Amino acid sequence: IFSLLATFFISKDWYHLSAMGGKILPQKAKTSGKTVFADLKKALFGFIKAQLTLISITTVIILIGLLILRVDYAITIALATGIVDIIPYLGTGAVFVPWIIYASISGDMGLAIGLGVLYIIVLVQRQIMEPKILSSSIGLDPLATLIALFAGFKLIGFLGLIVGPVTLVIITTLKRANVFHDVWVFIKGREV
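Residues numbered from 1 in each chain as written. Predicted model: local features only at pLDDT ≥ 70, side-chain atom pairs only at ≥ 80, totals over all residues. Heavy atoms only, no water.

Scanning the chain for helices and strands turns up nine helices and zero strands. Sequence-ordered secondary structure for the chain, helices as α and strands as β, is α-α-α-α-α-α-α-α-α. Scaling as 2.2 N^0.38, a compact globule of 192 residues should have a C-alpha radius of gyration of about 16 Å, whereas the chain reaches 23 Å, well beyond that. Evaluated residue by residue, the chain yields a buried proportion of 31% over its 192 residues. Residue pairs in contact within the chain that sit at least 24 positions apart in sequence constitute 54% of those at least 6 positions apart. Charge separation in the chain, taken as the distance between the mean sites of 16 positive and 9 negative side-chain charges, equals 11 Å. (Helix = DSSP H or I, 4+ residues; strand = E, 2+ residues; numbered from the N terminus. Rg over C-alpha atoms; globule rule 2.2 N^0.38 Å. Buried < 20%, exposed > 50% of the residue type's maximum accessible area, 1.4 Å probe, protein only. Contact = heavy atoms within 4.5 Å. Lys, Arg positive; Asp, Glu negative; His and termini not counted. Charge placed at Lys NZ, Arg CZ, Asp CG, Glu CD.)

So, in structure tokens, the structure goes:
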């Protein structure tokens with residue numbers, strides 16, 4: 001409740017609060033703050049663009065696979081599965097796993113095997129493409145992005161797949177804006 005109320009009041013008085021903060025903060029902090037805010041905004045839009053790109057690639061692969069398997073309503077199923085791909089950790093498995101189980105139980109082993117192969121292709125594609133697309137859209141090193149995804153997942157779970165890259169973006173942005181250097185110089189007691 002407090003978070004929601006604070007968000008409302010901060011949003012309501014944003015321009016007043018930022019003008020007041022602009023008077024209090026030194027010029028160096030304002031410049032660094034603008035750089036950090038601009039980089040974070042760019043990274044956020046890059047992250048959204050990367051996710052949309054990954055979802056589009058997944059949807060196209062599923063559509064091609066379903067057309068090869070001659071599944072009815074392939075376009076609708078591919079689009080629905082692409083939308084479900086937004087869900088972290090579950091993704092396309094929320095559609096494919098029950099469908100494969102149902103096809104196996106109903107005796108259609110050809111469809112079950114075909115769906116299983118298609119699901120593995122989608123999983124492998126996602127694991128290979130995600131670090132590269134995220135890194136190029138956000139402007140990070142692919143290896144660092146992969147490490148951030150892995151560390152975030154191990155520390156927090158599926159939410160870490162979002163928190164890991166966001167933390168990496170924040171650290172990289174603060175480094176680009178020389179915030180760490182300025183803080184270190186301030187701690188040492190020398191002029192900036």
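Following the structure, the description resumes.
A separate point is empty space enclosed by the protein. Taken as a whole and assessed by the stated rule, the structure comprises one cavity of 30 Å³ or more. Considering only enclosed or pocket space, the largest cavity measures out at about 70 Å³ in volume. Lining the largest cavity we find Asp39, Lys42, Ala43, Ile138, Gly139, Leu140, Val169, Thr172, Thr173 and Arg176. Taken together, the elements giving at least two residues each to the lining of the largest cavity come down to helix H3 (27–68) and helix H8 (160–176). Considering every element that reaches the lining of the largest cavity, the biggest residue donor is H8, with four residues. Tallied by class, residues from the lining of the largest cavity come to four nonpolar, three polar and three charged. (1 Å grid on protein atoms, 1.4 Å probe; cavity = no way out; pocket = protein on both sides within 12 Å on 5 of 7 lines; lining within 4 Å. Points joined across faces, edges and corners; volume = space filled by probe spheres on them. Nonpolar A, V, L, I, M, F, W, Y, C, P; charged D, E, K, R; others polar.)

Glancing now at the nonpolar core. Core analysis: the largest hydrophobic core is formed by 15 residues, its most contacted members being Ile62, Leu66, Phe96, Trp99, Ile100, Leu111 and Leu115. Of all elements in the fold, only H3, helix H4 (74–84), helix H5 (93–105) and helix H6 (109–138) reach the threshold of two or more residues within this core. Sorting elements by how many residues they give to this core places H6 first, with six residues. If we skip the residues at most four places from it in the chain, Leu66 touches Val71, Ala74, Ile77, Ala78, Trp99, Leu115 and Leu118. (Core = buried A, V, L, I, M, F, W, Y, C linked by side-chain atoms within 4.5 Å.)

The next thing to look at is the side chain of Gln51. Here Gln51 shows up in helix H3. A relative accessible area of 17% places Gln51 in the buried class. Among the polar contacts made by the side chain of Gln51, one reaches the side chain of Arg126 at a distance of 3.1 Å. Beyond its immediate sequence surroundings of up to four residues, Gln51 is in contact with Arg126, Glu130 and Leu134. (Polar contact = N/O pair within 3.5 Å; in protein donor to acceptor, adjacent residues only side chain to side chain.)

At a minimum axis distance of 8 Å, the contact between H3 and H4 shows a crossing angle of 150°. As far as their axial angle goes, H4 and H3 are roughly antiparallel. Both H3 and H4 take part in a crossing whose hand is right-handed. Contacts between H3 and H4 involve Ile55, Thr59, Ile62, Leu63, Leu66 and Leu67 from the former and Ala74, Ile75, Ile77, Ala78, Leu79, Thr81 and Gly82 from the latter. (Axes fitted to C-alpha atoms, helices over the stretch in contact; angles between N-to-C directions. Parallel < 35°, antiparallel > 145°, perpendicular 65-115°, else oblique. Left-handed = near helix turned anticlockwise from the far one by under 90°.)

This part is about the confidence of the model for the chain. One rule of thumb: low pLDDT means the predicted coordinates there are not for detailed reading. Here the chain averages 84 in pLDDT, while 97% of its residues score no lower than 70. In the model of the chain, helix H2 (residues 14–24) stands out as the element of lowest mean pLDDT, 78, in contrast to H5, which has the highest, 93. (pLDDT = per-residue confidence, 0-100.)

It is worth spelling out H5 at this point. For H5, spanning 13 residues, the distance from its first C-alpha to its last is 18 Å, which sits close to the expected 18 Å at 1.5 Å a residue. Here H5 has its buried residues at Gly93, Phe96, Trp99, Ile100 and Ala103. Taken around the axis of H5, the buried residues stretch over an arc of 145°, which confines them to a single face. Those residues of H5 that are exposed and aimed more than 90 degrees away from the buried face are Tyr102 and Ile105. (Expected span 1.5 Å × (residues − 1). Arc of directions from axis to C-beta.)

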